[in-house]
Amino acid sequence: MSIKCYECQCKLRLCRPGGSISNANTSDWNRSMYCYQCQETSKNVACVIQGFCGKDEQVAEFQDLLIYILKGIAQIAAARKDEAGSIPALNWEVAHSLLMTAPNANFDAEKIQQQMRKMISLRNELRTAADLDDWHDAATFELDGGKSGLYAKEHMLYKASRVGVLATRDEELRSFRETILYGIKGIAAFLHQASATGKEDDQICAFLYEAMAATLDDTLSLDDLMMLVEKTGRYGLRAMALLDEAYTSRYGNPEITEVQRGVRNNPAILVSGHHLDDLEQLLEQTQGTGVDVYTHGEMLAAHYYPWFKKYDHLVGNYGDSWRKQAGQFRSFRGPILFTSGCMIPPRQEGIGDRVFTTGFAGYPGCFHIASDVRGKKDFSALIRLAQSLPVPDEIESGTITGGFARNQLESWGSRLAEAVKSGAIRKIIVMAGCDGRMKSREYYTEFAGKLPADTVILAAGCVKYRFNKLVLGDISGIPRFMDAGQINDCYAIIAVVLKLKKILGVDDINKLPIVYNIAWYAPHAIIVWLALLSLGVKDIHIGPTWPAFITRSLARILTERYRIAGIHSVNEDIAVLMTDNA
């Protein structure tokens with residue numbers, strides 16, 4: 001793939017195909033929809049009529065208004081410095097709300113309206129106990145209600161059209177604010193999952209409020225906001241560590257595991273998304289029912305945890321990453337449960353009536369499984385449907401190996417260090433991040449396949465589905481491909497990088513023979529990227545396109561401080577990354 005610049009001859013390679021780094025112009029300001037938080041945004045500028053993800057204009061507007069309400073809550077919470085971040089119920093709802101606005105997560109306008117009503121009520125209760133003379137409109141505005149006491153839809157849409165992304169007219173200021181916001185959404189994903197298993201961190205929550213409130217502050221300079229971008233990365237790293245602690249303390253340290261890709265002759269349920277706590281509850285409720293359970297996409301990592309190995313009806317992994325779900329869901333035949341994002345609208349006949357959602361995921365017409373006040377969920381409707389449907393069609397066979405999470409990779413630190421010292425391993429390539437539907441992502445398959453035989457790939461996230469079936473062999477018993485797990489498990493990769501820095505005795509993390517080729521799609525990958533920057537990592541390549549929300553000023557700072565680069569052709573990038581100083 002080649003990304004060409006049409007305006008200048010610079011070497012940064014940060015331009016989007018068809019144009020340079022720029023955002024909305026004045027002709028866009030009257031648009032009620034302007035969304036550019038995912039990698040597949042229209043023309044890599046913005047979706048302004050309908051999202052490439054499938055969300056319509058109304059959903060986009062409601063998501064913008066929900067974000068605006070959350071910013072008002074953040075200002076109030078930040079003003080209550082003695083209590084900021086220490087209200088678990090509020091923290092949960094804020095994280096939940098943020099994730100309802102993430103890409104491919106919630107397409108249900110009514111559910112988002114309900115959440116807005118809830119959050120305005122919580123905001124107003126919170127404000128009565130806070131002391132500040134000058135509240136922002138986000139902390140005080142009200143929407144007209146009818147006799148029912150519910151907010152009128154037309155008032156919501158009117159307000160939403162004035163508080164979205166383009167409410168910040170200055171494109172450079174907007175770029176910094178949106179980068180912070182998308183990083184916060186990534187942190188919220190880690191917090192949401194950690195909280196579901198009982199782990200909290202008040203200081204991370206307090207930072208979320210501080211950062212969201214700062215996006216309302218017109219007195220902050222770009223330098224102030226850049227400091228906040230970097231601080232977002234530091235708290236992202238802390239949130240990743242919290243989730244690692246939450247999952248390993250609950251489910252044990254992941255083990256290197258071969259996961260089956262075939263099927264058995266039983267009716268089955270397919271679980272997609274990220275939330276292991278939902279899978280745990282489903283497995284408990286399906287015991288003895290004759291229903292098998294398969295993982296899909298990012299849920300593949302569940303097989304690596306000792307806790308889940310006790311369930312003999314957790315059979316294997318079905319299919320690839322989320323991009324192929326339409327056809328593969330038809331072949332599966334049974335019901336599908338979305339525990340978080342990564343959803344493609346299930347319009348196809350025979351699929352939509354088998355899709356269930358839970359948590360912050362949602363799609364109109366799909367059955368939503370809510371939790372009770374204790375966080376428990378009733379999956380009986382899902383199980384009954386599975387029992388009435390045919391068994392899955394087998395679409396592949398064999399196994400996939402993974403489980404190289406933090407404990408495993410750290411234990412391999414000395415072996416990796418010795419292989420580096422001996423020259424057996426010349427470079428370790430971090431290929432973490434997201435998959436997507438664009439043809440340009442074939443780059444990652446070609447890149448992994450063409451890497452020299454003296455390289456090792458450390459992977460996390462669903463980008464691995466682009467190359468996890470390649471036969472890459474090993475180097476003196478060290479696999480050339482090691483999957484740490486979900487995008488959330490990038491902390492494992494960071495842990496081994498820091499361990500290698502200590503073992504090899506280098507004073508600068510950039511002197512390690514480790515290079516980074518990060519594929520992004522959504523805020524999960526953005527916060528991983530910012531976390532790496534917080535450690536001082538430089539020369540990260542990010543693709544397949546440069547984020548549309550990053551303008552030239554922010555890009556210039558990132559390239560000057562961290563030597564960030566886009567991707568180009570596979571051969572050229574390998575040549576650059578394999579140099580001694582890369």
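Above this note sits the structure.
All of these numbers come straight from a predicted model, not from anything done at the bench.

Rules of the game
- Residue positions are given per chain, counted from 1 along the sequence in the order it is written.
- Per-residue local features of the predicted model are confined to residues with pLDDT of at least 70, and side-chain atom pairs are confined, for both listing and counting, to 80 or more; whole-chain, interface and lining totals are unaffected and use all residues.
- Only hydrogens and water are set aside; all other atoms, that is, all heavy atoms of the structure, feed into the side-chain values.
- Three labels apply to residues, based on accessible area from a 1.4 Å probe with only protein chains included: buried if under 20% of the type maximum, exposed if over 50%, partly exposed otherwise in between.
- Helix and strand assignments come from DSSP, with helices taken as H or I runs of at least 4 residues and strands as E runs of at least 2, each series counted from the N terminus.
- The arc in question is formed by the directions pointing from the helix axis toward the C-beta atoms.
- Should any heavy atoms of two residues lie within 4.5 Å, those residues are counted as being in contact.
- Note on geometry: axes are C-alpha line fits, over the in-contact stretch for helices, and angles between N-to-C directions span 0 to 180 degrees.
- Roughly parallel here means an angle under 35 degrees, roughly antiparallel means over 145, roughly perpendicular means 65 to 115, and every remaining angle is called oblique.
- Each crossing is labelled by how the near helix is turned from the far one, with a counterclockwise turn of less than a right angle marking it left-handed and a clockwise turn marking it right-handed.
- To pair, rings of Phe, Tyr and Trp, with the six-membered ring standing in for Trp, must have centres within 6.5 Å; the planes then decide the type, stacked if under 30 degrees apart, edge-to-face if over 60, and tilted in the middle.
- Here, a charge over a ring means that NZ of Lys or CZ of Arg falls within 6 Å of the ring centre while also lying within 35 degrees of the ring normal.
- One speaks of a salt bridge when a side-chain nitrogen belonging to Lys or Arg is within 4 Å of a carboxyl oxygen belonging to Asp or Glu.
- The definition of a polar contact used here is a pair of N or O atoms within 3.5 Å, where within protein one atom must be able to donate a hydrogen and the other to accept one, and adjacent residues in sequence count solely through side-chain atom pairs.
- Here a strand pair is declared whenever DSSP counts at least two bridges between the two strands.
- When the strands point away from the viewer, a crossover counts as right-handed if the path from the first strand over the helix to the second runs clockwise.

Trainee: So what exactly am I meant to see when it comes to helix α12 (residues 413-422) here?
Mentor: The α-helix winds at 3.6 residues per turn, so residues separated by three or four positions along the chain end up facing the same way. For α12, the set of buried residues is Gly 413, Leu 416, Ala 417, Ala 419 and Val 420. Down the axis of α12, the buried set is contained in an arc of 165°. They therefore lie on one face. Opposite the buried face of α12, at more than 90 degrees from it, the exposed residues are Lys 421 and Ser 422. Along its buried surface, α12 packs onto α11 (406-411), β12 (478-479), β13 (481-483) and α14 (490-503). Following α12 by one or two positions, Gly 423 adopts a phi angle in the positive range, close to 90°.

Trainee: Which parts of the structure should I look at to understand the packing of helix α5 (residues 171-196) against helix α6 (residues 202-214)?
Mentor: Any two packed helices are characterised by how steeply their axes cross, that is the angle between the axes, and by the distance between the axes. Relative orientation of the contacting elements α5 and α6 amounts to 160°, with a least axis distance of 10 Å. For the element pair α5 / α6, the angle class is roughly antiparallel. Handedness of the crossing formed by α5 with α6: left-handed. Note on element contacts: α6 touches α5 through Ile 204, Cys 205, Phe 207, Leu 208, Ala 211 and Met 212, opposite Ile 180, Ile 184, Ile 187 and Leu 191.

Trainee: I tried to follow unusual backbone geometry on my own but got confused; where do I start?
Mentor: Backbone phi values are negative for most residues with the exception of glycine, while trans is the configuration of most peptide bonds. Across the junction of Gly 543 and Pro 544, the peptide omega takes the value 5°, indicating a cis bond. Along the chain, Pro 544 falls in the loop between β15 (541-543) and α16 (552-562). Positioned with a positive phi, Asn 44 is a non-glycine residue whose angle comes to about 55°. On the secondary structure map, Asn 44 appears in the segment before α1 (57-79). The backbone of Asp 539 sits at a positive phi, close to 65°, despite the residue not being glycine. Given a relative accessible area of 22%, Asp 539 falls into the partly exposed group.

Trainee: Would you mind going over the packing of aromatic side chains with me for this structure?
Mentor: Here a ring pair, both rings aromatic, is described through the centre-centre distance and the interplanar angle of the planes. Counted according to the given criterion, the structure contains 23 aromatic pairs. Members of the aromatic cluster, connected to one another through ring pairs, are Tyr 34, Tyr 36, Tyr 182, Trp 520 and Phe 549. Here the guanidinium or amino end of Arg 162 rests over the ring plane of Tyr 158, the centre of that ring lying 4.0 Å away.

Trainee: Any chance you could explain the pattern of salt bridges here in plain terms?
Mentor: Pairing is possible between side chains of opposite charge, provided their charged atoms come close. Throughout the structure, instances matching the rule amount to 33 salt bridges. For Glu 93, the salt bridge identified is with Lys 118, shortest N-O distance 3.4 Å. One end of the pair, Glu 93, is in helix α2 (residues 88-100); the other, Lys 118, is in helix α3 (residues 109-127), and 25 residues separate them in sequence. Under the relative-accessibility criterion, Glu 93 is labelled buried at 15%. Overall, Lys 118 belongs to the partly exposed group, its relative accessible area being 39%. Members of the salt-bridge network, linked through shared partners, are Arg 261, Asp 320, Lys 324, Glu 396 and Lys 469.

Trainee: What exactly am I supposed to notice about the environment of Ser 221 here?
Mentor: Mapped onto the elements of the fold, Ser 221 is located in the loop between α6 and α7 (222-251). Between the alpha carbons of Ser 221 and Ile 574 there is a distance of 38 Å; along the sequence they are 353 residues apart.

Trainee: How should the side chain of Lys 71 be read in this particular structure?
Mentor: With respect to the helices and strands, Lys 71 occurs in helix α1. Every residue in contact with Lys 71, bar those within four places of it in the chain, is listed here: Ala 138, Met 212, Thr 215 and Leu 216.

Trainee: What should I look at first to understand the side chain of Glu 40 in this one?
Mentor: By the secondary structure assignment, Glu 40 is in the segment before α1. Polar contacts involving the side chain of Glu 40 include one to the main-chain amide nitrogen of Arg 437, which spans 2.5 Å. Residue contacts for Glu 40: discarding those within four places in its chain leaves Phe 52, Trp 322, Gly 436, Arg 437, Met 438 and Tyr 521.

Trainee: Can you walk me through the packing of α7 against α14 in this structure?
Mentor: The interhelical angle for the contact between α7 and α14, taken along N-to-C directions, is 105°, at an axis separation of 9 Å. Considered as vectors, α7 and α14 are oriented roughly perpendicular to each other. For the pair α7 and α14, the contacting residues are Leu 237, Met 240, Ala 241 and Asp 244 in the first and Cys 490, Tyr 491 and Ile 494 in the second.

Trainee: How do you make sense of the pairing of strand β10 (residues 455-460) when you look at a structure like this?
Mentor: Two faces belong to every sheet, and in a regular strand the side chains alternate between them. Most of β10 sits out of view: 6 of its 6 residues are buried. In β10, alternate side chains face the same way, and those of Thr 455, Ile 457 and Ala 459 on one face and Val 456, Leu 458 and Ala 460 on the other are all buried. Where strand β9 (residues 427-432) and β10 come together, 6 bridges link them in parallel fashion. If you follow Ile 428 over to β10, its bridge partner there is Val 456. With helix α13 (residues 442-450) bridging β9 and its parallel neighbour β10, the resulting β-α-β unit is right-handed.

Trainee: Would you take a moment to explain the sheet that holds β15 for this structure?
Mentor: To summarise the sheet geometry, strands pair through backbone hydrogen bonds and adopt either a parallel or an antiparallel arrangement. Overall, parallel pairing links the 6 strands, which are arranged β13-β10-β9-β14-β15-β16 in an open sheet. Since the sheet does not close on itself, it has two edges, and those belong to β13 and β16 (565-566), each with one partner. Where β9 and strand β14 (residues 514-519) come together, 3 bridges link them in parallel fashion. When the bridges of β14 are listed, Ile 428 appears paired with Ile 514. Contacts between α14 and the sheet are confined to β9, β10 and β14, with β10 contributing the most and set at about 140° to the helix.

Trainee: What should I look at first to understand the sheet that holds strand β3 (residues 292-295) in this one?
Mentor: Across the sheet, 6 strands lie side by side as β4-β3-β2-β5-β6-β7; this open sheet has parallel pairing. Each edge of the open sheet is held by one strand with a lone partner, namely β4 (314-317) and β7 (367-369). Taking each pair of neighbouring strands and ignoring which way they run, the sheet shows an average axis angle of 25°. Relative to strand β5 (residues 336-338), strand β2 (residues 268-272) is paired through 3 bridges, and the arrangement is parallel. Of the residues in β5, the one forming a bridge with Leu 270 is Ile 336. The sheet contacts of helix α10 (residues 380-387) involve β2, β5, β6 (355-358) and β7, and relative to β2 the element is tilted by about 130°.

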